[in-house]
Every structure is written in structure tokens, then in C-alpha cells.
Amino acid sequence: MIKKRIDTETSDEEYKRVLRTVPRDMIYQSDMVYHSYMVDNSSSVIHSSCIEESSAVKWSSSISYSYGISHCRALENCAFCHGIKGASNRIFNKEVTEERALEIISSLKCLWIPEFDELDDYSASPWRDMPPKMINFIKSLPEYSEELYKKITS
């Protein structure tokens, strides 16, 4: 049981410490989930908590219907976001309409989902096998940011 509340004010080091102490349960209808808890209908999740209908999430918490999220807290309808808190409808950290966010996330989830490996723990990028069609799609987005793309996929 978690005794300390994890919220947007918790430091990354404290967040990581608390995450290491939680039970590896409360995972439902999800694949490739490592060192995480309270994960529902999601895939490729590592070192994260309270993740719902999302894919490719690492070191994050309270994420809903999102894709390619790294070091974020309290996001909904976001894709390829890094280091932001309390946001919705973002692509590469840029604000977009809800319709645009949902369209992109749906397309991303249909194209490909990286396979996170507990043993890799990011020493090797789970994004290394991304198909060219996916890379082309991502880089064609007007919201695309090379800097964020590298932070998330490296």
C-alpha cells in the first residue's frame, strides 16, 4: 500500500523511490507492464502508475488515452510528450484540439507500439524497431519536434 501521495509536486527521485515499493499488481487487460501499478487496458508501460488506455509510457503517472509519454504527470489525450504536468490534448507538448489529439493517438496506436522489455530498462531503446511507415507518419506531423522525439525514443 502506498503511504505517500504521488502528485505533481513529488520530486522525480521521491517518485521513483515510492514506485519501487508498490506491489506489482492492479494490472488489468494490459501487456508489457513492468515496475508499474494501477494499469488498465494499456501496453508497454514501465516505472509508471495510474495508466489507462495508453501505450509506450515510462516514468509517468496519471496518464489517460495517450501514447509515447515520458516523465509526465496528469495527462490526457497526449502523444510524444516529455516533462509536462497537468495537460490535455497535446502533441509534442504543443496544445491541439481534442479532435486532433484523438485522431493522432488513434493513428499511432494502429501503426505500431514499441515492446518495452523489463531487462532493457531503457539501456537499449524499445523504439529501435519502429517501422519506417511509423517514422514517416510522426515526422510528417506539423507538431513534430526533433528534440522531443529524441528525448522520448532514445
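Asks: An account of the overall build of the chain is requested, with residue identities and associated values reported.
Replies: Scanning the chain from N- to C-terminus turns up 4 helices and 11 strands. Taken across its 154 residues, the chain has 47% of its residues classed as buried. Sequence-distant contacts in the chain: of pairs separated by 6 or more residues, those separated by 24 or more amount to 34%. In the structure as shown, the chain presents an accessible area of about 7900 Å², 47% of it carried by carbon and sulfur atoms.

Asks: I'd like a rundown of the nonpolar core, residues and numbers included.
Replies: Formed by 23 residues in total, the largest nonpolar core has its most connected members in Y67, F80, I91, F92, L108, W127 and I138. Sorting the residues of this core by element identifies β9 (73-82), α2 (98-111), α3 (132-140) and α4 (146-153) as the ones contributing at least two each. Per element, the largest residue contribution to this core is 4 residues, and it comes from α2. The contacts of W127, once residues within four sequence positions are left out, are A56, Y67, G68, F80, W112, P114, F116, I152 and T153. Ranked by size, the runner-up nonpolar core spans 13 residues in total, among them I69, C78, C81 and A87.

Asks: Before we move on, can you summarise the packing of α2 against α3 with the specific residues and values?
Replies: With their axes 10 Å apart at the nearest point, α2 and α3 run at an angle of 165 degrees to one another. Between α2 and α3, the interaxial angle falls into the category roughly antiparallel. Between α2 and α3 the crossing geometry is left-handed. Across the interface between the two elements, I104, S107, L108 and L111 from α2 touch K133, M134, F137 and I138 from α3. Of the residues in the contact of α2 with α3, the class split is 6 nonpolar, 1 polar and 1 charged.

Asks: An account of the pairing of β9 is requested, with residue identities and associated values reported.
Replies: Counting buried positions along β9 gives 8 out of 10 residues, so the element sits mostly inside the fold. As judged from the 3 bridges shared by strand β7 (residues 61-64) and β9, these two strands associate in the parallel manner. Bridging from a neighbouring strand, I63 pairs with L75 of β9. Here 3 bridges tie strand β8 (residues 67-70) to β9, and the two strands are oriented parallel to one another. Within β9, the residue paired with S70 across the bridge is H82. Inspection of the sheet shows β9 paired to strand β10 (residues 85-91) by 5 bridges, in the parallel sense. Among the inter-strand pairings, C78 is bridged to a residue of β10, identified as R90.

Criteria and cut-off values
Residues numbered from 1 in each chain as written. Predicted model: local features only at pLDDT ≥ 70, side-chain atom pairs only at ≥ 80, totals over all residues. Heavy atoms only, no water. Helix = DSSP H or I, 4+ residues; strand = E, 2+ residues; numbered from the N terminus. Buried < 20%, exposed > 50% of the residue type's maximum accessible area, 1.4 Å probe, protein only. Contact = heavy atoms within 4.5 Å. Areas by Shrake-Rupley, 256 points an atom, 1.4 Å probe, with all protein chains shown as cover. Core = buried A, V, L, I, M, F, W, Y, C linked by side-chain atoms within 4.5 Å. Axes fitted to C-alpha atoms, helices over the stretch in contact; angles between N-to-C directions. Parallel < 35°, antiparallel > 145°, perpendicular 65-115°, else oblique. Left-handed = near helix turned anticlockwise from the far one by under 90°. Nonpolar A, V, L, I, M, F, W, Y, C, P; charged D, E, K, R; others polar. Pairing = 2+ DSSP bridges.

Coordinates in, geometry out; function isn't part of it.
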